[in-house]
2 protein chains.
Amino acid sequence: MTARPDQTEAGARAPYATPDDLRQALVDAGVLHLTAVDGVHHRSWDWERVLRGVEAHVMAKRVATNAPRRWFPPVMPREEFLRTDYVRSFPDLVGSIDVFTGGDREHRALLEVLDEGGDWTAHLTPAEVMLPSSVCHPLYGTLPHDVPAEGLDEECSGWSFRHEPSLDPARMQVFRMYEFVRIGTPEQALAHRDEWLERGLSALAELGLPVRAEAANDPFFGRVGTMLAVNQLDAQLKYEMCVDLTEVRPTAIASSNYHEDHFGQTFGLHLADGAPAHSACVGFGLDRVTLALFAVHGMQPDDWPGEVRSALSL
Amino acid sequence: MTARPDQTEAGARAPYATPDDLRQALVDAGVLHLTAVDGVHHRSWDWERVLRGVEAHVMAKRVATNAPRRWFPPVMPREEFLRTDYVRSFPDLVGSIDVFTGGDREHRALLEVLDEGGDWTAHLTPAEVMLPSSVCHPLYGTLPHDVPAEGLDEECSGWSFRHEPSLDPARMQVFRMYEFVRIGTPEQALAHRDEWLERGLSALAELGLPVRAEAANDPFFGRVGTMLAVNQLDAQLKYEMCVDLTEVRPTAIASSNYHEDHFGQTFGLHLADGAPAHSACVGFGLDRVTLALFAVHGMQPDDWPGEVRSALSL
C-alpha cells in the first residue's frame, strides 16, 4: 500500500527535520501566514487554488455518481451537535458559541465589565449553533430514518473546529475536509471503508504523495478515553492515510472510518428489519493534503511535476 | 448607475413576491438546504461552483495587481476582535467561542450538568478565538504600522458570522465575502471607495444583475446606535450595491465603505506625518451575489445566459 514519491529535481523536500522547520518554510515562502493564535492561519492564493484542486481531484473519484453533495457552513445546530458523543468523548476539542440577546440596559452592564477588563462573556448566552468538530456530523440529522436496501451514499465538505492550539502546521484549529459517507448494513459500511481506503491511497499517490495506511484511533479524552481508544484500535475501526512530512511524526492526511451503529443509534437511522443502520466515512483532509503537497513538492506550485499540476488542474 | 437585466426567455425570475417565495424556490430546486436553525444553510454543488465563479470574476477586476491576497479561516484571534468596536456597536451580532480546559474531574462535573439538562456551557471558558463579524477585521492587526506614501492595497476573503437568525435567504448567519482594502491618506481611501463603487457596479452588471447604488448605514445597536447610523448615512460613508430580489426590500450584494481613520486609530496605522491612516474597503458578498444570480437567472445554472456562464467560467 506504500507508494514512493518522485524524488527528482522537481523539488521534493519532505521529510523536514521538525514541524518548526516545515512551518518556517511555509511562512518564508508566503504560503501560510501565522496569526496571534497558534493553529490559526491565513492562507495564500497558492494554498487556496491548490486546495480547490485537491477537492476537485477527490470529488472526481466518486463511484456513487448520484450521491447528494453538500457544502456545510462553519457552524451547525447546537441540538444536533449535542446528539453526538462529542462533549462526552472529546470535550477538550469542542467550540461552543455564545451570543448577546439583551437590550440597551444589559448592553451597558456588559460594556462596564468589558471596560474594567472583566469577563464580559458572562453576559452572553449559548447560541443555537456550535462549531462542528467533524465535517459529517451535520449530515446525519438530515437523512431519512428508513435506510433503503441498497444503502445511502452521501458526500459533504466543510470546516471543522478542534481546539488544540499547536505550532505544528498540520494541526490547525480550523480546517476543511471532503467526506464520502455510506449508511447501510454492516457489510455495506465495511465495504465502503475498505474500498475507499484503497481508492484514497491511489488518489493521493496520483498527487505524488508517498502515502501509506496505518490503523489509528481518535483522540478520546481522559482516563475512560484511553480505553475507548484502545478498543477502537483493537477493532480496527479506523485507518489513516499517512505521509512523513517531518522526521518527528507521521501526518494523517485522510482517514477511513467504520462507525458500527453509532450514528444509526444516535440519529434513529434504521434498516428494513428495524435494526440500527451502520455507517462508514472516508474523510480527505483538504488542508492537510494541501500541506503535504507543499512539503513534498516544494513551495512553488508552478514548479511541481507536470502530472501533479495536471491532476490538480493548476 | 442602474443596469437592467436581460429579461429574456433565459429564465429571469426576480423579483419574487416575498423572501419566503425565494427561499422555497431554492429549496425545491435543491440549490440550498435548510437546517434546524434559521439562517444556517447547507449549500449544493451548484451553489458552490457558482460562488467560486463569482469570486474569480471579482478577483479578475483587481487593479493593484501586486496586492497581497489572503484567505481567512472562520475564526480570528479574540484579542484582535476586541480591538475593533464590534462588542460596543454591534453586540447582538457577535459570536464568542467557549472551550473546555479542565481535566477528568471537571469533565465529570460538566457531564453531570449536561445529563441533567442544565447549562453545561457554564463549565467552559472563553477561547483565544472568536467568530469574525467582518471579513477584513483580521487584516488590520497584521499590517505594518508605517503606511507607505503610495498607500497599502490588500485583498482578503473569508467567512463572517452575524447572529441574526432569519428566514430570508439573503440573511445568512454565516457567509463569505471578498474584500478589496486600501489604507492611506483620506484622498487615497475615498478614491478607493468611489472607484470601486463604479467598478463593482459594472462587474455585477456583467453578470446580468440589475444592480444600483444606494447610500446606506451599518446596523448599529440600541439607542446610541440609531444616532451613529444617522451620522454614517449623513456623511455618506457607506454605499451598497443593491438588487431587488423580492418585492419586499432591496438586497445589498456588495458595499463600498470609507472608514475615515477608525481602523488607523484602532490598530496604530499611521502616515509619514504621524497622523492615523484612513481606510476604505469594498466587499462583495459572495453568498449574496450567488443568491442574486439564482434569483435573477433561475435555479438551473446550465440554462443561464451564455455571457453570464462565460463570466463565471461555468
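Described in the following lines is the structure provided in the data block. Everything numeric here is computed off the predicted structure, so don't read it as measured data.

**Description of the interface of chain A and chain B**
Move 1: In this complex, chain A contributes 64 residues to the contact, which on the side of chain B involves 64 residues.
Move 2: Summing both sides of the interface, chain A and chain B together bury roughly 5,500 Å²; the carbon and sulfur share of this comes to 66%.
Move 3: Its largest share of buried area at the contact with chain B, chain A owes to His42, Trp71 and Arg88 of chain A, together 11% of the area lost on that side.
Move 4: At the junction of chain A and chain B, the tally comes to four salt bridges.
Move 5: We note a salt bridge from Arg88 of chain A to Asp115 of chain B, for which the minimum N-O separation is 2.7 Å.
Move 6: At the surface where chain A touches chain B, the tally comes to 18 residue pairs in polar contact (both at pLDDT 80 or more).
Move 7: Bridging between strand β5 (residues 96-99) of chain A and strand β5 (residues 96-99) of chain B involves three bridges; their strand directions are antiparallel. Looking at the pairing, Ile97 of chain A lines up with Ile97 of chain B of β5 of chain B.

**Digging into the relation of the copies chain A and chain B**
Move 1: Expressed as a screw operation, the relation of chain A to chain B combines 0.0 Å of axial shift with a rotation of 180 degrees, fitting to an RMSD of 0.0 Å. When the rotation and shift are considered jointly, the pair of chain copies conforms to a two-fold rotation axis. Among all residues of chain A, the one whose C-alpha sits closest to the rotation axis is Ile97 of chain A, at a distance of 2.3 Å.
Move 2: Both copies contact each other with a shared surface, as 100% of the interface residues of chain A are interface residues in chain B too.

**With respect to the pattern of salt bridges**
Move 1: Inspection of every chain in the model, using the stated rule, returns 40 salt bridges over all chains.
Move 2: In this structure, Arg49 of chain A and Asp46 of chain A form a salt bridge, with 2.8 Å as the shortest nitrogen-oxygen distance. You can see Arg49 of chain A and its partner Asp46 of chain A sitting in helix α2 (residues 45-59), three residues apart, about one turn around the helix.
Move 3: Classification of Asp46 of chain A as partly exposed rests on a relative accessible area of 23%.
Move 4: Between Glu48 of chain B and Arg52 of chain B there is a salt bridge, and its shortest N-O distance comes to 3.8 Å. With Glu48 of chain B and Arg52 of chain B both in helix α2 (residues 45-59) and four residues apart, this pair spans about one turn of that helix.
Move 5: The network of salt bridges with shared partners includes Arg43, Glu48, Arg52, Arg176 and Asp287 of chain A together with Glu55 of chain B.

**Overview of helix α8 (residues 222-234) of chain B**
Residue and element names in this part refer to chain B.
Move 1: The end-to-end C-alpha distance of α8, which contains 13 residues, comes to 19 Å, matching closely the 18 Å that a straight helix rising 1.5 Å per residue would cover.
Move 2: Along α8, the residues that are buried comprise Gly225, Ala229 and Gln232. The buried side chains of α8 occupy one side of the element, clustering within an arc of 65 degrees when seen end-on. Residues of α8 that are exposed and point more than 90 degrees away from the buried face comprise Arg223, Val224, Met227 and Asp234.
Move 3: Next to the buried residues of α8 lie β9 (212-216) and β10 (238-243).

Calculation notes
- Residues numbered from 1 in each chain as written.
- Chains lettered and ligands numbered in written order.
- Predicted model: local features only at pLDDT ≥ 70, side-chain atom pairs only at ≥ 80, totals over all residues.
- Heavy atoms only, no water.
- Contact = heavy atoms within 4.5 Å.
- Buried area = accessible area lost by both parts, 1.4 Å probe.
- Salt bridge = Lys/Arg side-chain N within 4 Å of Asp/Glu carboxyl O.
- Polar contact = N/O pair within 3.5 Å; in protein donor to acceptor, adjacent residues only side chain to side chain.
- Pairing = 2+ DSSP bridges.
- Helix = DSSP H or I, 4+ residues; strand = E, 2+ residues; numbered from the N terminus.
- Least-squares fit on C-alpha atoms with pLDDT ≥ 70 in both.
- Buried < 20%, exposed > 50% of the residue type's maximum accessible area, 1.4 Å probe, protein only.
- Expected span 1.5 Å × (residues − 1).
- Arc of directions from axis to C-beta.

Everything listed here is a matter of geometry and, on its own, says nothing about what the molecule does.
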